[in-house]
Amino acid sequence: MPADDRDKNAAPPLPEPLRVPVADSHTHLDMQSGTVEEALAKAASVGVTTVVQVGCDLKGSRWAADTAAAYDSVHATVALHPNEAPRIVLGDPDGWSRQGAREPGGDAALDEALAEIDRLAALPQVKGVGETGLDHFRTGEEGKEAQERSFRAHIEIAKRHGKTLVIHDRDAHADVLRVLKEEGAPERTVFHCYSGDAEMAQICARAGYYMSFAGNVTFKNAQNLRDALAVAPLELVLVETDAPFLTPVPYRGRPNAPYLVPVTVRAMAAVRGIDEDALATALGANTARAFGY
Ligand SMILES: [Zn+2]
Ligand SMILES: [Zn+2]
């Protein structure tokens, strides 16, 4: 029995390579073990030739921009995560965020951080603004106002720079759709780790929003995601890892990385009832169109 089948923390084995290359439309290389070179080489060896590196705070957004500048196969997005914005305003006494304990900074601190995101969003290797949006799961009532203000500001930044908006929507479907409608969505908008049902997929389809499916589409209890995937227009479907999170079945619970995209692509092809190569062709083209690279 190989070591990776015994150890629940070990990296899953390399899947069979895809014959048609695709992109991981949403990953966090800065939260994964190993070097960037290793992650990119491993991914490319199975046909995942492009990754979108997503920033969640100022430090991570600067890192994403620097990494995309250094590697042709990496594109960056920059943002304050929906759970990061309230921490900047209200403080983070427990210090569970990656930047440690923080004093409340108020609205001025959020404005200052948004100004830095605005500056980074102008860079050519930065293709998107996100992940931004709303998270009613992790942020409580007290953080809602800061979260929504930050979301609206990110939409404005994306539109002004002509960049793609990357949405994080956790337990907040109706409010995310409402804010997008009120502000007017940018030309290209991606729902990362799409978590709505088939009915919401129809709404996204009518609005022209991309829906990016992560490893949780393979989870046993995620029939609603498979139903959504089944009705989403093929030209609006993307694939992502959101690594190190959401590792697809049969490796659920172990560390995720871009090289595991083929596992999710194969599960998605089965849901759509189409050939793996045909799906990969669409995913590759869709991601390039969605992020304008
Ligand atoms: Zn997210
Ligand atoms: Zn993410």
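Everything below is about the structure shown above.
Residues numbered from 1 in each chain as written. Chains lettered and ligands numbered in written order. Predicted model: local features only at pLDDT ≥ 70, side-chain atom pairs only at ≥ 80, totals over all residues. Heavy atoms only, no water.

S.K.: Could you clarify how one ought to interpret the pattern of salt bridges in this entry?
M.R.: As a working rule, side chains carrying opposite charge can pair if their charged atoms are close by. By the definition in use, this model includes 17 salt bridges. Among the salt bridges present, the one from Arg 19 reaches Asp 277, with a minimum N-O distance of 3.1 Å. Taken as a pair, Arg 19 in the loop between α1 (3-6) and β1 (22-27) and Asp 277 in helix α11 (residues 276-291) lie far apart in primary sequence, 258 residues in all. In this structure Asp 277 comes out as partly exposed when scored by relative accessible area, which is 23%. (Salt bridge = Lys/Arg side-chain N within 4 Å of Asp/Glu carboxyl O. Helix = DSSP H or I, 4+ residues; strand = E, 2+ residues; numbered from the N terminus. Buried < 20%, exposed > 50% of the residue type's maximum accessible area, 1.4 Å probe, protein only.)

S.K.: Quick question: what am I supposed to make of the coordination of the zinc ion (ligand 2) here?
M.R.: Tetrahedral coordination by four donors puts the ideal angle at the metal at 109.5 degrees, and octahedral coordination by six puts it at 90 or 180 degrees. Protein coordination at the zinc ion (ligand 2) comes from His 26 (NE2), His 28 (NE2), Glu 131 (OE) and Asp 242 (OD), with a distance range of 2.1 to 2.4 Å. The coordination sphere of the zinc ion (ligand 2) comprises four donor atoms, whose angles at the metal cover 87 to 176 degrees; the geometry is irregular. Separating the zinc ion (ligand 2) and the zinc ion (ligand 1) is a distance of 3.6 Å, and Glu 131 donates to both of them. Of this pair, His 26 sits in strand β1 while Glu 131 sits in strand β4 (residues 126-135), placing them 105 residues apart in sequence. Glu 131 carries the same exposure label as His 26, and that label is buried. (Donors = N, O, S within 2.8 Å, 3.2 Å for Na, K, Ca; no water. Tetrahedral: all angles 85-135°; square planar, octahedral: opposite > 155°, others 65-115°.)

S.K.: Could you clarify how one ought to interpret the sheet that holds β4 in this entry?
M.R.: One key point about sheets: their strands pair by backbone hydrogen bonds, in either a parallel or an antiparallel sense. Spatially, the eight strands line up as an open sheet ordered β1-β2-β3-β4-β5-β6-β7-β8, and their pairing is parallel. Across the chains shown, the open sheet's two edge strands, defined by having one partner strand only, are β1 and β8 (237-239). Direction aside, neighbouring strands of the sheet carry axes that sit 30 degrees apart on average. For β4 and strand β5 (residues 164-170), the ladder comprises six bridges, and the chain directions are parallel. (Pairing = 2+ DSSP bridges. Axes fitted to C-alpha atoms, helices over the stretch in contact; angles between N-to-C directions.)

S.K.: Can you help me understand the side chain of Asp 242 in this one?
M.R.: Within the secondary structure, Asp 242 is located in the loop between β8 and α10 (261-272). The residues contacting Asp 242, other than those within four sequence positions of it, are His 26, His 28 and His 192. (Contact = heavy atoms within 4.5 Å.)

S.K.: Looking at this structure, I do not really get the pairing of strand β3 (residues 74-78). What am I missing?
M.R.: Here is the key point about a regular strand: its side chains alternate between the two faces of the sheet. Of all five residues in β3, five are buried, a share of seventy percent or more. Two elements, strand β2 (residues 48-54) and β3, share four bridges in a ladder whose sense is parallel. Directly across from Val 52, in β3, lies its bridge partner His 75. Between β2 and its parallel partner β3, the chain crosses via helix α3 (residues 58-70), and the hand of that crossover is right-handed. Examined bridge by bridge, β3 and β4 share three bridges and lie parallel to one another. Following the sheet pairing, Val 78 is matched in β4 by Val 129. (Right-handed = clockwise from strand over helix to strand, strands pointing away.)

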